[in-house]
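Report on the structure
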Amino acid sequence: MPIIGLDLGRHTFRAVEIDKNKGKAVLEKCGVYENTHLNIDSDSKEDAKNYSEAVKHFFSEMGFDTPNVVVSLPEYNAFIRIIKVPKMSEKELRSSIEFEAEQYIPFPIKEMNVSYQVVDNDFKDPNLMEVMLVAAKKDVLQKYIGILRDAGLVPKALEPETLSLSRVLGKGGDGSHASIILNVGFTNTLIIATYKGYVRLARNIPIGGDIITRSIQQKLNLDYTQADEYKKAYGLESNQAEGKVFEAIKPIFENIISEVKRSDIFFTTHNSNVSINRVVISGGTALMPGLLTYMASNLDTEVELANPWKDIRLLPKLEPQKDSILENGPVYAVAVGLALKEI
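Read on for an overview of the structure. (Residues numbered from 1 in each chain as written. Predicted model: local features only at pLDDT ≥ 70, side-chain atom pairs only at ≥ 80, totals over all residues. Heavy atoms only, no water.)

Even without being glycine, Lys-22 reaches a positive phi, approximately 55°. Mapped onto the fold, Lys-22 is located in the loop between strand E2 (12–21) and strand E3 (24–34). At Glu-242, a residue that is not glycine, the phi angle is positive and equals roughly 60°. Positionally, Glu-242 belongs in the loop between helix H6 (224–234) and helix H7 (244–270). (Helix = DSSP H or I, 4+ residues; strand = E, 2+ residues; numbered from the N terminus.)

Written out as C-alpha cells, the structure reads:
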C-alpha cells in the first residue's frame, strides 16, 4: 500500500508517493504546487477552504494512487525538546510524562497533544536518560486535519518537520560524529543536530527565503517578484549582477552561519565525546546559486546538499525525469521523511 508524504508550506506544498517493493522503498510520483495567494497560517475559514481546494486540485492533477497521507507540521506550530529524566521503566515514564512536559512546554498542557520517545542514556550520568518531548497545539492539529479531510485525504499521521528531516537525513557518521541539518524554509530556518539517527538539538530561527527576497527587493529597489527571480538566478554568486544580489543577502547568511556555529558549540559542549562532522542543507533555498560553496567556505566542516533519495529506487517510468528529481532532492527532503514514517 503506497503512502504519500505531504509537506505543507504557507503557499507551497510538496508531495511524494512511495511504496515498498521487495523490502525497498520505491518512488512512484512526486510533485510541487505553489500559489502565492494561499496562506495556511491564516485563521480565516475562507483561506482554509481555498487551501483545501488547492490540495484537492493538486492531488487530482498528480493522479496519486492513495488518499493516505503523512503530513508535516511547521516548527512554529510544534514544540520539540530533549529532556533528561531519571532512568525508569516505560510504564513509569508514561505516567510521569505529563508532569515532566509541564516543566518545559510554554503552553498549558490541556491545550497540547504530547508524545515522547526515549532517545538514549545520558552521556555523562548513567542514572539519567534522554527523552524527546514532542508537542503540538490541539487546535492546530484540528485545523490541519480539517483541511486534509476537506480535500478528500486520510491523514495517517502528523509530525514536526524536524522529525521527518532527521529520519531521512540524520543517519551516517560513526560513534564520535554527529550531523547538523540546516533546513531553510520560507519563513524560518531549522537547525537540527542529529546523533545516532536521533534529534539531539533543534532550533528554529526566524530567517527564511522570504526575508532573503525582501532584502534583495529593498537593496535593489525591485518589486517582490523580480527580487525573487534575482535570488533564484544569482544567489550568492559574487561575480553575478555586479555582486549586488550577493551583497544584499550576505549579511543574512552570515547570521545563519553564526547560528550554526553556536549550535555546534552548544551541542559539543554538552556532548564532549562527539563532534559535528557534516552540515546537510535542505529546503527550497538550498538550490540557490553559490549557497553550497559559500557555506562550505565559512564552516569548518563538510557541507553537502540533502539527498533524500539515497535509499529509494525510482520507477522506470520516472527515468525521463530522473535528473530533475535528483537535482531537487533538497526540496523534497521533508516529504520523503514523512512518507518513510509509514513505509
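Let's shift gears to helix H5 (residues 209–220). Taking 1.5 Å of rise per residue, the 12 residues of H5 would be expected to cover 16 Å, and the 17 Å separating its terminal C-alpha atoms lies within 8% of that figure. Taken together, the buried positions of H5 are Gly-209, Asp-210, Ile-212, Thr-213, Ser-215 and Ile-216. Considering only its buried residues, H5 is in contact with H6 and H7. Among the residues trailing H5, Asn-221 stands out with phi positive, at a value near 55°. (Expected span 1.5 Å × (residues − 1). Buried < 20%, exposed > 50% of the residue type's maximum accessible area, 1.4 Å probe, protein only. Contact = heavy atoms within 4.5 Å.)

For the structure shown, the criterion picks out 10 aromatic pairs. Aromatic pair Phe-58 and Phe-59: ring centres 5.9 Å apart, planes at 80°, arrangement edge-to-face. Connected via pairs of aromatic rings, a cluster forms that spans Phe-13, Tyr-33, Tyr-51, Phe-58, Phe-59 and Phe-64. (Phe/Tyr/Trp six-rings, centres within 6.5 Å; stacked < 30°, edge-to-face > 60°.)

Before going further, it helps to spend a moment on a nonpolar patch on the surface. On the surface, a nonpolar cluster with roughly 190 Å² of combined accessible area is contributed by Leu-287, Leu-292 and Leu-305. Summarising the element assignment, Leu-305 is placed in strand E13 (residues 302–305). (Patch = residues over 30% accessible without salt bridge, like charges linked within 9 Å, V, L, I, M, F, W, Y side chains within 5 Å. Areas by Shrake-Rupley, 256 points an atom, 1.4 Å probe, with all protein chains shown as cover. Salt bridge = Lys/Arg side-chain N within 4 Å of Asp/Glu carboxyl O.)

Moving on to the sheet that holds E3. Backbone-to-backbone hydrogen bonds join strands into a sheet, with any given pair of strands oriented parallel or antiparallel. The strand order E8-E4-E1-E2-E3-E14 describes an open sheet built from 6 strands, whose pairing is mixed. Each edge of the open sheet carries a strand with a single partner, namely strand E8 (154–160) and strand E14 (312–314). The mean angle between the axes of side-by-side strands here comes to 30°, regardless of whether they run parallel or antiparallel. In this structure, E3 lies alongside E14, joined through 3 bridges in parallel fashion. Looking at the pairing, Leu-27 lines up with Leu-314 of E14. Across the sheet, helix H1 (residues 45–62) lies against strand E1 (3–8), E2, E3 and strand E4 (68–73), angled at about 130° from E3, the strand it touches most. Relative to E8, helix H4 (residues 161–169) is tilted by about 85°, and along the sheet it contacts E1, E4 and E8. (Pairing = 2+ DSSP bridges. Axes fitted to C-alpha atoms, helices over the stretch in contact; angles between N-to-C directions.)

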